[in-house]
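Summary of the model geometry
Each chain is listed here by its residues.
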Amino acid sequence: IQSATILAPGFMIGNVIVATVPSGPEGVPWLHVSAAVLAIVGGNAAILAGSPLVTAPRYHRVASVGLAALGLSSFVLLAIASTTSRYMLDGTSTRV
């Protein structure tokens, strides 16, 4: 089993839970956040793991790997910022 086939369902499950479970007072915030982590990390990791398997032009694979790496690094920066600072900038840091 390729690692991309294991990671891709995590991306899908995470997205479905994020879409159906609100994070506000009427929702389950810990589940929403956990599913968001699963979707972000699972999706970007699946791209990194699966890009060598795709028979696409080289520029497409390079762009995919670059964007997935940017997504993972943005997630790491968001995690660091959300645990070390008291105030976020109106969600701007989540839209890198």
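Okay, so let's go over this structure. Counting restarts for each chain: residues are numbered from 1 in the order of the written sequence. The predicted origin of the model limits local features to residues at a pLDDT of at least 70 and limits the giving and counting of side-chain atom pairs to 80 or more, whereas totals for whole chains, interfaces and linings rest on all residues. Side-chain metrics in this entry use all non-hydrogen atoms of the structure; hydrogen atoms and water are not considered.

**Some words on helix H3 (residues 58-84)**
Short version of the rule: Secondary structure follows DSSP: runs of H or I at least 4 residues long count as helices, runs of E at least 2 residues long count as strands, and numbering of each begins at the N terminus. Each helix should span, by expectation, one fewer than its residue count multiplied by 1.5 Å. When a residue's accessible area, from a 1.4 Å probe over protein chains only, is under 20% of the maximum for its type it is buried; when over 50% it is exposed; and in between it is partly exposed. Note on definitions: a residue-residue contact is assigned when non-hydrogen atoms from the two residues lie within 4.5 Å.
Taking 1.5 Å per residue, 27 residues should reach 39 Å; H3 reaches 39 Å between its end C-alpha atoms and fits that length. Within H3, burial applies to Ser64, Ala68, Ser74 and Phe75. Summarising the contacts, the buried residues of H3 are in contact with helix H2 (29-50).

**Considering a nonpolar patch on the surface**
Here is the rule: Only residues whose relative accessible area exceeds 30% and that take part in no salt bridge are eligible for patches, with like-charged residues grouped when within 9 Å of each other and nonpolar side chains (Val, Leu, Ile, Met, Phe, Trp, Tyr) grouped when within 5 Å. Using a 1.4 Å probe, accessible areas were evaluated by the Shrake-Rupley method; residue-level cover was limited to the displayed protein chains. Whenever a carboxyl oxygen of Asp or Glu lies within 4 Å of a side-chain nitrogen of Lys or Arg, that contact is scored as a salt bridge.
On the surface, Met12, Ile13, Val16 and Leu38 cluster together into a nonpolar patch covering about 350 Å² of accessible area. Ranked by residues supplied to the nonpolar patch, first place goes to helix H1 (residues 3-20) with 3 residues. Positionally, isoleucine 13 belongs in helix H1.

**Some details on H1**
In a regular helix each residue adds 1.5 Å, so 18 residues correspond to 26 Å; H1 covers 27 Å between its end C-alpha atoms and thus fits that length. Against the buried residues of H1 lie H2.

Keep in mind these values describe shape, not function.
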